[in-house]
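A look at the structure
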Amino acid sequence: ARPGCGHPRRGPDQEAAQGGKVLYAFFEASAPDPLAKKAELASEYNEKFANPYIAAEFGSIDEVILPRETRLKLVKALAFLDTKRESTPPKKHGNIPL
């Protein structure tokens, strides 16, 4: 693990999120009413980043599935994969141990 890092494999998304927390904490502390500012910043964050529809617009995810549709989507996907067979090309020659 890197020194000062909470997780050994922290990626750029997590680093950006950590930077956002620090930035929001700064705005929060400098506000006259920190609790109201925290609620405002939290709702702003949820609208901008914690939203699956934003990720769908950018193409990060294929589809947003509503909770009531989850079971049907899973059943269809598993039924589709039920008959799938992996085909491997035939071996041209063996690999003798040396």
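By convention here, each chain's residues receive numbers from 1 onward along its written sequence. Only residues with pLDDT of 70 or above have their local features reported here, since the model is predicted, and side-chain atom pairs are shown and tallied only from 80 upward, although totals for entire chains, interfaces and linings are computed over all residues. To get the side-chain values, take all heavy atoms of the structure and skip hydrogens and water.

Examining the confidence of the model for the protein
Parts of the prediction with low pLDDT should not have their coordinates interpreted in detail. A residue's pLDDT is the predictor's confidence in that residue, given on a scale from 0 to 100. Model confidence for the protein is summarised by a mean pLDDT of 75, while 71% of its residues fall at 70 or above. Summarising per-element confidence for the protein, the mean pLDDT is lowest in helix α1 (residues 12–30) (60) and highest in helix α4 (residues 70–82) (93). Strands are runs of DSSP state E lasting at least two residues, helices are runs of H or I lasting at least four, and both sets are numbered from the N terminus onward.

Overview of the pattern of salt bridges
Within this document, salt bridges are pairs made up of a side-chain nitrogen of Lys or Arg and a carboxyl oxygen of Asp or Glu, the two lying within 4 Å of each other. Applying the stated criterion to the full structure yields 1 salt bridge. Residues Glu63 and Lys73 are paired through a salt bridge, measuring 2.9 Å at the closest nitrogen-oxygen approach. Linking Glu63 in the loop between α3 (52–58) and α4 with Lys73 in helix α4, this pair joins segments that are 10 residues apart in sequence. Exposed residues in this analysis have more than 50% of their type's maximum accessible area, buried residues have under 20%, and partly exposed residues fall in between, with area computed by a 1.4 Å probe over protein chains only. The class of Glu63 is partly exposed, set by a relative accessible area of 46%.

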